[in-house]
Amino acid sequence: MNAFSRRGACPALSAPMQTGDGLLVRLNPVAGGLAPKSLIELGESALRYGNGIMEVTARGSLQIRGLTAESARLLADEVDALGIAVRSGVPVATGPLAGIDPEENADPRPVAERIRAAIEEAGLTPRLGPKVSVVVDGGGQLTMDAVTADVRLKAMQAAASIWWSVSIAGDGRSAKPLAAVDADGARDIAVAALRMVAEKGREAHTRDLSERQLASLAGWHSVAPPSVLPDISPSRGEIGSSRAGSPLSALEIGESRGDKAISPLEGEMSGRTERGAQERQPARSPIGLFNLGNNTALGIALPYGSMPAQNPIDLATQAANLGASEIRLAPGRALLFLGLSAPSTLQSSAAALGFVTDPADPRTRIAACPGAPACASGRIATRAIAETIAKESADLLDASLSLHISGCAKGCAHPGTAALTLVGDENGAGLVVDGTAKALPAAYRPGYDAARGVAGILAAIRDGRHQGETAAACLKRLGAAGIAELYRRNQ
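Residues numbered from 1 in each chain as written. Predicted model: local features only at pLDDT ≥ 70, side-chain atom pairs only at ≥ 80, totals over all residues. Heavy atoms only, no water.

### Quick word on empty space enclosed by the protein
Once rolled over the atoms, a probe with the size of a water molecule shows which space is left empty. Counting across every chain of the model gives one cavity of 30 Å³ or more. Of the voids in this model, the largest cavity is the one considered here, and its volume is about 50 Å³. Gly95, Leu97, Ala98, Asp101, Glu104, Pro108, Asp137, Gly138, Gly139 and Leu142 are the residues that line the largest cavity. (1 Å grid on protein atoms, 1.4 Å probe; cavity = no way out; pocket = protein on both sides within 12 Å on 5 of 7 lines; lining within 4 Å. Points joined across faces, edges and corners; volume = space filled by probe spheres on them.)

Take a look at the structure:
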């Protein structure tokens, strides 16, 4: 149906996406958060027009599921009537505490707005694919390191100045570094990269850019302070200046200025300085308390990113009674409550309602889509399997071991690779080792018994793990064939 976006597109309010349980819309509030009353009203809309399920995605967007063609239009009208402005166009994401975190290096919102304006001015939105995105990260307590993007900007301090590290195609650890620049240079490089992607077509991403194109992007930028040079270009120690030539906006697609290029690919541009280099720390969970100076934020997650809408309604109602001023959506399938008079009271209420209130909760280690019976495409009861595994093998679900349970081969909950993936198909619950839901399973067992198969694998890890060894390292040592045999055993 032409009125709705195809699978793989971003299901904005104006373009719902067809899924196995009806149409789905995704909302990103322009203001960054919602008043408690607004979240309550959206939950009531989900009950009226959808299947009564609300979700917060891994990237921090709000989703309403189970809509029909007519109810999707009614929902859109209701959101407009509520005065909730939602973003459209190329996603340019900032962190959930942007502008209010005293520990961030810089407020990323002004740079993000300038990038959005430049994208629109250049007419790039209709020329780019729906999954193309930009991240602008100010640093601080809740970074955007876990979120993948085509273009990444991250603020770093050097002496008395703020500079932006620019990288492409990945998350905070895997993205390919380009340059360290001022805010103007960051905007120009980001937009130039998106121009190059647009020239390649709507299926393209920055990972498809050539080395020549990457060199041209790295070669046009402002001079970075000496204190960051060893991390960026250890062999050359110098960076060209866009002030020496034409602005980046005039750069031809694929054009290179060899005399002004740097060699950032030789080393990791981590944002560290030569004065006090530090190891990269794991990204902090959005669950828990965050110091905002004169106040605190409380992070609470939805188990597997999904809850019956009545639960968020009840939680937002209690938050309003405790003085909450705003509820922000956070990557990691979480909600951040600001302005609470008694955060611990809401935390206790959230736990009683089934929310995740502890960053060590084993449910945070499992990605699971709605599955059967909620989704018509689901072949296995993903959430029931996930709950059983979380309860029975909690001690083995450490941060090193990624577990994905997918109702079908589309892999909606976790498109990337996981250490262990259960995927439902006509043969039951297939096991994929170190792959995605689209890969060919190495072993099967009935869907109703899948949790017991995973328990057998985790028990082998418990028995065979060396002292100090992570679950993931032990799993790798067991080998794919051995893991598949463990999964099949005792049927």
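From this point, the narrative continues.
### Digging into helix α10 (residues 450–464)
If you check α10, its first and last C-alpha atoms are 22 Å apart, about what 15 residues at 1.5 Å a residue would give, namely 21 Å. Considered for burial, the residues of α10 that qualify are Ala450, Ala451, Gly453, Val454, Ile457, Leu458 and Ile461. Buried residues of α10, viewed axially, fall in a sector of 165°; they line one side. (Helix = DSSP H or I, 4+ residues; strand = E, 2+ residues; numbered from the N terminus. Expected span 1.5 Å × (residues − 1). Buried < 20%, exposed > 50% of the residue type's maximum accessible area, 1.4 Å probe, protein only. Arc of directions from axis to C-beta.)

### Some remarks on the pattern of salt bridges
Under the counting rule described, the total for this entry stands at 18 salt bridges. Among the ionic pairs, Arg65 bridges to Asp21, the shortest N-O distance being 2.8 Å. Taken together, the residues Arg65 in strand β5 (residues 62–67) and Asp21 in the loop between β1 (17–19) and β2 (22–27) connect sequence positions 44 residues apart. Asp21 carries the same exposure label as Arg65, and that label is buried. (Salt bridge = Lys/Arg side-chain N within 4 Å of Asp/Glu carboxyl O.)

### Some remarks on the sheet that holds strand β10 (residues 176–181)
In spatial order, the strands read β6-β7-β8-β9-β10; together these five strands make up an open sheet with mixed pairing. Strands at the two margins of the open sheet, each flanked by one partner only, are β6 (92–94) and β10. Strand-to-strand, the axes of this sheet are offset by a mean angle of 20°, without reference to chain direction. Across the face of the sheet, helix α4 (residues 183–199) comes into contact with β7 (134–137), β8 (149–158), β9 (161–170) and β10 while running at roughly 145° to β10. (Pairing = 2+ DSSP bridges. Axes fitted to C-alpha atoms, helices over the stretch in contact; angles between N-to-C directions. Contact = heavy atoms within 4.5 Å.)

### Things to note about the sheet that holds β2
Each strand in a sheet pairs with its neighbour through backbone hydrogen bonds, running either in the same direction (parallel) or in the opposite one (antiparallel). Taken in spatial order, the five strands make up an open sheet running β1-β2-β5-β4-β13, and their pairing is antiparallel. Looking at which strands have only one partner, the edges of the open sheet turn out to be β1 and β13 (306–308). Averaged over all pairs of adjacent strands, the angle between their axes in this sheet comes to 30°, without regard to strand direction. Pairing analysis gives three bridges linking β1 to β2, with the strands arranged antiparallel. Looking at the pairing, Gln18 lines up with Leu23 of β2. Along the sheet face, helix α1 (residues 36–49) touches β2, β4 (53–56) and β5 and points at about 20° away from the line of β5.

### Observations regarding helix α2 (residues 69–82)
Over its 14 residues, α2 extends 20 Å from the first C-alpha to the last, a length consistent with the 20 Å expected when each residue adds 1.5 Å. Here α2 has its buried residues at Ser71, Ala72, Leu75, Ala76, Glu78 and Val79. For α2, the buried positions fall inside an angular range of 165° around the axis, keeping them on one side. Opposite the buried face of α2, by more than 90 degrees, sit the exposed residues Asp80 and Ala81. Those residues of α2 hidden inside the fold are in contact with β2, α1 and β5.

### Things to note about the pairing of β5
Along β5, six of the six residues are buried, which leaves the element largely enclosed by surrounding structure. Here four bridges tie β2 to β5, and the two strands are oriented antiparallel to one another. Each residue of the ladder has a partner; that of Leu23, found in β5, is Leu67. With three bridges connecting them, β4 and β5 associate as antiparallel partners. Across the sheet, residue Val56 finds its bridge partner in β5, namely Leu62. What sits between β4 and β5 in their antiparallel hairpin is a turn of five residues, with Gly60 showing a positive phi close to 90°.

### Concerning the nonpolar core
Residues Leu62, Phe337 and Leu346 are the most contacted members of the largest nonpolar core, which totals 40 residues. It is α1 that contributes the most residues to this core, five residues altogether. With near-sequence residues (within four places) excluded, Leu62 lies in contact with Val25, Arg26, Leu27, Leu34, Leu39, Leu42, Met54, Glu55, Val56 and Leu329. Among the nonpolar cores identified, the runner-up in size contains 36 residues, and Leu153, Val166, Ile189 and Ala204 belong to it. (Core = buried A, V, L, I, M, F, W, Y, C linked by side-chain atoms within 4.5 Å.)

### Comments concerning the side chain of Glu469
By secondary structure assignment, the location of Glu469 is in the loop between α10 and α11 (471–478). According to the relative accessible area criterion, Glu469 is buried, its value standing at 17%. Polar side-chain contacts of Glu469 include one of 2.9 Å to the backbone nitrogen of His466. Of the polar contacts made by the side chain of Glu469, one reaches the side chain of Arg477; its length is 2.9 Å. (Polar contact = N/O pair within 3.5 Å; in protein donor to acceptor, adjacent residues only side chain to side chain.)

### Observations regarding the confidence of the model for the protein chain
When the pLDDT values of the protein chain are averaged, the result is 84; 85% of them are 70 or greater. When the criterion is pLDDT under 50, residues 222–280 qualifies, and its contacts beyond four places in sequence or with other chains add up to 114 contacts. (pLDDT = per-residue confidence, 0-100.)

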